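A look at the structure
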Amino acid sequence: MIGLELVVETIGLKLIPIQEFGVLRYGTIEEVSGPPLMILFVTLILILCSVVLWVKTKWVLFFIGVFIMTIGSAIPINVESGAVTNAFELFLIFTLIWTKRKLIQNKISVK
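Anyway, here's the lowdown on the structure attached to this text. No experiment lies behind these values; they were computed from the predicted model shown. (Residues numbered from 1 in each chain as written. Predicted model: local features only at pLDDT ≥ 70, side-chain atom pairs only at ≥ 80, totals over all residues. Heavy atoms only, no water.)

**Section: the side chain of S50**
Take S50: it is sitting in helix α2 (residues 37–57). In this structure S50 comes out as buried when scored by relative accessible area, which is 0%. Among all residues touching S50, those that are not within four sequence positions of it are F62, F63 and V66. (Helix = DSSP H or I, 4+ residues; strand = E, 2+ residues; numbered from the N terminus. Buried < 20%, exposed > 50% of the residue type's maximum accessible area, 1.4 Å probe, protein only. Contact = heavy atoms within 4.5 Å.)

Here is the structure:
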């Protein structure tokens, strides 16, 4: 996936500096045509893994985290900052950590 991302998205990319809320970031000169392929693949894998874990353990929290992050990132929210998307990603990380802790403590088990 990293190789695909490099070939399709990164090689030949032209960046410009952008100042936003007092922070320097770099954006593309060309308009982005859609989400990067690697993000779509990773999201698909997360959805599949969360469904398998839900079916095998009856633990739905991982799926909820992936679902909320996916919907929250896909729906445009009318806020000046892009930090809203980061909040959805933070929620996903929280659900991943909670799921991992439950599996380690044997409070949920794969059947």
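Now that the structure has been shown, we can carry on.
**Regarding α2**
The first and last C-alpha atoms of α2 sit 30 Å apart over 21 residues, in line with the 30 Å expected at 1.5 Å per residue. Three or more residues of α2 are buried, namely T43, L46, S50, L53 and T57. Mapping the buried residues of α2 onto a view down its axis gives an arc of 95 degrees, with all of them on the same face. Of the exposed residues in α2, the ones pointing more than 90 degrees away from its buried face are L48 and V55. Against α3 (61–74) and α4 (83–104) lie the buried residues of α2. Remark: K58 follows α2 within two positions and exhibits a positive phi of approximately 65 degrees. (Expected span 1.5 Å × (residues − 1). Arc of directions from axis to C-beta.)

**Topic: the pattern of salt bridges**
This structure, assessed with the given rule, holds one salt bridge. As a salt-bridge pair, E20 and R25 come within 3.1 Å of each other at their nearest N and O atoms. On the basis of relative accessible area, R25 is assigned to the partly exposed category, the value being 36%. (Salt bridge = Lys/Arg side-chain N within 4 Å of Asp/Glu carboxyl O.)

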